[in-house]
Each structure stands twice: as structure tokens, then as C-alpha cells.
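So the chains spell out like this:
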Amino acid sequence: MKKVLIVNASKRKKGNSYALERRFAELLDGKAEVSVFRIGEKDVRFCLACDGCKRKHEPNCVQKDDFTALIPEIDSCDAMLILSPVHWDNFPAQLRAFLDRTYSFMDFTQPDFSMAGRKDKKLAGYFCAGFGPVDVYTNMVETNLKSFATAGFRDYKAHVAGNANVPGSVMDKPDDLKAAEDMAAWLIA
Ligand SMILES: Cc1cc2nc3c(=O)[nH]c(=O)nc-3n(C[C@H](O)[C@H](O)[C@H](O)COP(=O)(O)O)c2cc1C
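Residues numbered from 1 in each chain as written. Predicted model: local features only at pLDDT ≥ 70, side-chain atom pairs only at ≥ 80, totals over all residues. Heavy atoms only, no water.

1. Some thoughts on the packing of helix α1 (residues 16–28) against helix α5 (residues 174–188)
When two helices pack together, their arrangement is given by the angle between their axes and by how far apart the axes lie. Our working rule: For every element, the axis is a line fit to its C-alpha atoms; helices are fit only across the contacting stretch, and the angle between N-to-C directions ranges from 0 to 180 degrees. Each helix is a run of H or I in the DSSP string that is no shorter than four residues. Each strand is a run of E no shorter than two, and both are numbered from the N terminus. Angle categories are assigned with fixed cut-offs, so that under 35 degrees is roughly parallel, over 145 is roughly antiparallel, 65 to 115 is roughly perpendicular, and the rest are oblique. Handedness of a helix crossing follows the sense of rotation of the near helix relative to the far helix, less than a right angle counterclockwise being left-handed and clockwise being right-handed. Here, residues are in contact when the closest pair of their heavy atoms is within 4.5 Å. The residue classification treats Ala, Val, Leu, Ile, Met, Phe, Trp, Tyr, Cys and Pro as nonpolar and Asp, Glu, Lys and Arg as charged. All others, Gly included, are polar.
Relative to each other, α1 and α5 sit at 50°, their axes nearing to 10 Å. Between α1 and α5, the angle is such that the two are oblique. The handedness of the crossing between α1 and α5 comes out as right-handed. Contact with α1, carried on its side by R23, F24, L27 and L28, involves A180, E181, M183, A184 and I188 of α5 and no other residues of that element. Its residues assigned to classes, the contact of α1 with α5 comprises 7 nonpolar, no polar and 2 charged.

2. Structural notes on the sheet that holds strand β3 (residues 79–85)
Here is the rule: Paired strands are those between which DSSP finds at least two bridges.
The sheet built from 5 strands is open, its strands ordered β2-β1-β3-β4-β5 with parallel pairing. Each of the sheet's edge strands pairs with one partner strand only, and the pair in question is β2 (32–38) and β5 (153–161). Put simply, the sheet's adjacent strands are angled 15° from each other on average, direction ignored. When β3 meets strand β4 (residues 121–128), the two strands line up parallel, connected through 7 bridges.

3. Quick notes on the pairing of β2
For clarity, the cut-off: Crossover handedness is defined here as right-handed if the route from the first strand over the helix to the second strand goes clockwise, with the strands pointing away from the viewer.
Note: strand β1 (residues 2–8) against β2, 7 bridges, orientation parallel. Directly across from V7, in β2, lies its bridge partner F37. Note on the crossover from β1 through α1 to β2: the handedness is right-handed.

4. Details of the site of the ligand
The following threshold applies: When at least one non-hydrogen atom of a residue lies within 4 Å of a molecule or strand, that residue is treated as near it. Identification of polar contacts relies on pairs of N or O atoms within 3.5 Å, with a donor-acceptor requirement for protein atoms, meaning one able to donate a hydrogen and the other able to accept it, and with residues adjacent in sequence counted only if both atoms are side-chain atoms. Accessibility throughout is a Shrake-Rupley quantity obtained with a 1.4 Å probe, and a residue counts as covered only by protein chains that appear here.
Close to the ligand lie 18 residues, the nearest being S10, S17, V86, A164 and N165. Within the backbone of C128, one N or O atom sits 3.3 Å away from an oxygen atom of the ligand. Here Y137 contributes a side-chain N or O atom positioned 2.8 Å from a nitrogen atom of the ligand. In isolation the ligand has 650 Å² of accessible area, and contact with the protein removes 79% of it.

5. Structural notes on the pattern of salt bridges
Put simply, the rule reads: Put simply, a salt bridge is a Lys or Arg side-chain nitrogen that is within 4 Å of an Asp or Glu carboxyl oxygen. Burial classes follow relative accessibility: with a 1.4 Å probe on protein chains only, a residue under 20% of its type's maximum area counts as buried, one over 50% as exposed, and anything between as partly exposed.
Inspection of the entire model under this criterion finds 13 salt bridges. In this structure, R101 and D65 form a salt bridge, with 2.7 Å as the shortest nitrogen-oxygen distance. Separated by 36 residues along the polypeptide, R101 in helix α3 (residues 93–101) and D65 in the loop between β2 and α2 (66–76) bring together distant segments of the chain. A relative accessible area of 2% places R101 in the buried class. Judged by relative accessible area, D65 falls into the buried class, the value being 7%.

6. Observations concerning the pairing of β4
Within β4, 8 of the 8 residues are buried, which leaves it mostly tucked inside the rest of the structure. What you see with β4 is no split at all: K121, L123, G125 and F127 on one side and K122, A124, Y126 and C128 on the other are buried throughout. Examined bridge by bridge, β4 and β5 share 8 bridges and lie parallel to one another. Note on β5: the bridge partner recorded for F127 is V160. Crossover connection from β4 via helix α4 (residues 134–146) to parallel β5: handedness right-handed.

7. So, the side chain of N16
In this fold, N16 is placed in helix α1. In terms of polar contacts, N16 uses its side chain to reach the backbone amide nitrogen of S169, at 3.0 Å. Ignoring any residue separated from it by four or fewer positions in sequence, one finds N16 in contact with C128, A164, V166, P167, G168, S169 and V170.

This is how it looks when you write it as C-alpha cells:
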């Protein structure tokens, strides 16, 4: 069975990302080994930019926090799914911190700058936005997802659900629910 790591980047427990987390868990039930990392409940510190990780040639970090503990799972999963709100036209700060910490996979001695153990992993980003332009946000999400290539995620898909400011309202939108179904199927294909 494929291993799927769900990263929930929302702080709103009654919000859209948490509702989608439950929906994706249902969609993947019995079809994948799913684990969930809720950034808002974890200790994910900022990247120190100390380059301590560059002393080794396997993913590592000198900090002792929940991100460092997650590194082996990020490295060995088959796919990662990010569920997140859009904040100020971009990744929310907690997800930006998570992305920054994937610097622990960067290796300047490698031609592709990556010390990831696996470089064939899939990455999906499902974002919810309150008011903003879905096409612009989809571009923003795709641009940011590309940065996870260093951690070995080279194949990615993005979806942005717009007009979803009301907590849980994404669950009333058939097109966005269909996008979740398609994304779940793609993650384990
Ligand atoms: C600090 C903050 C900034 C936000 N910035 C934007 C924004 O720039 N554009 C937008 O469309 N919605 C914005 N929103 C609304 C959220 O994207 C929207 O409510 C989303 O559905 C929240 O997802 P969640 O319930 O999973 O946390 C913002 C919300 C917060 C709290």
C-alpha cells in the first residue's frame, strides 16, 4: 500500500482544511497508509540557515523539534498532500516555515542539489481561499510546490477552492469535492 503523508497547515480546527482532512482520510481509507501531520499542533521552528545540515549527505537538521522527527517520513513516503488556507495571497506562515525546513534536503554537492533518499514522490496541494482570485492563487500554489523538488517531490498537482471563507463551506461545493476525489486517486495511482 502507498504511504501518504497529509500535512494540514490550518489553525482553524472547524475550518475547511480540517474538513478536507477528514474527507481525504475517507477517500484513502483501505487504499493507502495515511498519516497526518498538523503543523498547528506541532513544534516546527524556523530554519536557522546555519548550514549544519550540509555536513552530512542525507536529510538532517540540527534542531530537535517535530519537523526534524518527521524528516524520515517525508523522505520515505510515496506522496504528500498539503491542505492549507491562503493567507495574504500566499502560503500561511506556518507552511512557509515547513517549506523552509526542507532546506535540510538540499545538498550542494549533488547535480540536482538534493540529498533526498527518494526523488520520485508525488505532491498535491489543496488550498482554500476566502475571496481572492482562484487562477492567481493556483499559480502561486504551483510555484511554491515546485520548491519541494529538493525534498524529492517532482510530480505535483494543485487545486484552490475559492469563495470558501465560511468554516467548512468547501464541503458544500460539488466541483471542489470532485477535485478532492480526483486528487486522492492521483496521489495513489
Ligand atoms: C490571516 C488571514 C489571511 C487571509 N488572507 C486571505 C487572502 O489573501 N485571500 C483570500 O482569498 N482569503 C484569505 N483568507 C481567508 C482564508 O483563506 C479562508 O478563510 C480559508 O477558507 C481558510 O481555510 P481554513 O478554514 O482551512 O483555515 C485569510 C484568512 C486569514 C485568517
